[in-house]
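Take a look at the letters that make up each chain.
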Amino acid sequence: MKFRIGIAAFLAAQSILMAAEPQTLDILASKEKSKSERFETSLLMQSRLTYDKTEGEPSQTDVGIRRIELGLTANVNEWISGNFLYIFEDIGKEGEINLLEEAYIRIGNSEETPLYFQIGKMLLPFGKFDYFTAREPYTIDFAETIKNAVLIGYDQNGVNLNAYVFMDENDQGKDEPDYFGASLAYERSLREVALSAQLSYMSDITKAGGFGDALSGVEDPVDKTAAYGIALTAEAGQLGLITEYIAATDEILGVNTQAAILNLEAAYTFPFATAALSYIKTREAEFAALREMRDVSHSQKRSSNIRHLRLSMRLLKGMTGWNRTLSYCR
């Protein structure tokens, strides 16, 4: 469920309106409204009631609050804004996440120029991560990247092009802006079909997703390994299709470790819920510390190539859902 809350000095405005002359009222009320427009807040809450069955494993039922997001945008003027996003997330057996996920300043005015500039801690545009299922796709674990960065972008007529430099620990053990990336996204509606696509690139995939934890004990990992992502989402009426592929361009830890992940989804939306079928295929998944490595049986965990076929039902306006997953390896 999403709620947007406007901040307004209602009581103060009400007392002014009662004491002033009719002509003065409109001016004062207009000033109060102008002040309230400087702040925008957003609240996202996702509840979870899931039944999850993986082939060869006992079924699991889970109930609770899955995620809470609280966002604030402070508009200093028409060109400058501060953006903040705090999240709470229940990640199951691994515990909970409480953090300030984003805190950055944005400079730009879409009515004057398509160019914009961002600096601070932000979710970098590497990977698209669209999904219809009741569970987030493993592409998020694989490639989601939140870093302190500087980003410059261009957004006009459905085209969003950006490039960025971000901070992370380099080979000398110091946090330096030694890493970079770029993405090109495009959105368009053709009659009743909505299309969106993205191409993205990052200079070092080991700084994304779960790679950091997986490589923390490695003394001499291979130097920077670039990666790219291709994503396409199409929606026509009640039907939806998602294709996303993210892959490293070279080896990460030696021979046969060129990690990659593919997510395919098809969905149909009913008035009360969305039914989705997803197919996930990974290559060398253990190096990304993906959740799927915990979803398959112990006898399979040493396999590098894992496939999931998942049928999911998600109620609208929430994350309540049912999953049936078949996992197999080779």
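Residues numbered from 1 in each chain as written. Predicted model: local features only at pLDDT ≥ 70, side-chain atom pairs only at ≥ 80, totals over all residues. Heavy atoms only, no water.

**Points about the confidence of the model for the chain**
(1) Moving on: A residue-level look at the chain finds 68% of positions with pLDDT of 70 or above and a mean pLDDT of 77.
(2) Moving on: Segment residues 1–34 is flagged for pLDDT under 50; beyond a separation of four residues in sequence, or across chains, it makes 26 contacts in the model.
(3) Moving on: Per-residue pLDDT stays below 50 along residues 293–302; that stretch engages in 22 contacts with residues further than four places along the chain or on separate chains. (pLDDT = per-residue confidence, 0-100. Contact = heavy atoms within 4.5 Å.)

**Here we look at the packing of aromatic side chains**
(1) Moving on: The full count for this structure, using the stated rule, is six aromatic pairs.
(2) Moving on: Each ring, one from Tyr 164 and one from Phe 166, has its centre 6.3 Å from the other, and the planes form 40 degrees; the classification is tilted. In terms of burial, Tyr 164 and Phe 166 fall into one category: buried.
(3) Moving on: Ring plane angle 25 degrees and centroid distance 5.6 Å describe the contact between Phe 166 and Tyr 179, whose orientation is recorded as stacked. Taken as a pair, Phe 166 in strand β8 (residues 159–169) and Tyr 179 in strand β9 (residues 175–190) lie far apart in primary sequence, 13 residues in all.
(4) Moving on: Judged by relative accessible area, which is 0%, Phe 166 ranks as buried. (Phe/Tyr/Trp six-rings, centres within 6.5 Å; stacked < 30°, edge-to-face > 60°. Buried < 20%, exposed > 50% of the residue type's maximum accessible area, 1.4 Å probe, protein only. Helix = DSSP H or I, 4+ residues; strand = E, 2+ residues; numbered from the N terminus.)

**Quick look at the nonpolar core**
(1) Moving on: In this structure, Phe 126, Phe 142, Tyr 164, Phe 166, Ile 205 and Ile 246 are the most contacted members of the largest nonpolar core, which totals 26 residues.
(2) Moving on: Of all elements in the fold, only β6 (115–123), α3 (138–143), β7 (146–156), β8 and β12 (239–248) reach the threshold of two or more residues within this core.
(3) Moving on: Ranked by residue count, the leading element in this core is α3, at four residues. (Core = buried A, V, L, I, M, F, W, Y, C linked by side-chain atoms within 4.5 Å.)

**Section: the side chain of Glu 102**
(1) Moving on: Within the element layout of this structure, Glu 102 appears in strand β5 (residues 96–108).
(2) Moving on: Look at Glu 102: it is buried, it has no salt bridge, and the nearest opposite charge is Arg 67 at 8.5 Å.
(3) Moving on: Reaching out from Glu 102, the side chain makes a polar contact with the backbone nitrogen of Leu 123 at a distance of 2.9 Å.
(4) Moving on: With residues up to four places along the chain from it excluded, the contact list for Glu 102 reads Asn 83, Phe 84, Leu 85, Lys 121, Met 122 and Leu 123. (Lys, Arg positive; Asp, Glu negative; His and termini not counted. Salt bridge = Lys/Arg side-chain N within 4 Å of Asp/Glu carboxyl O. Polar contact = N/O pair within 3.5 Å; in protein donor to acceptor, adjacent residues only side chain to side chain.)

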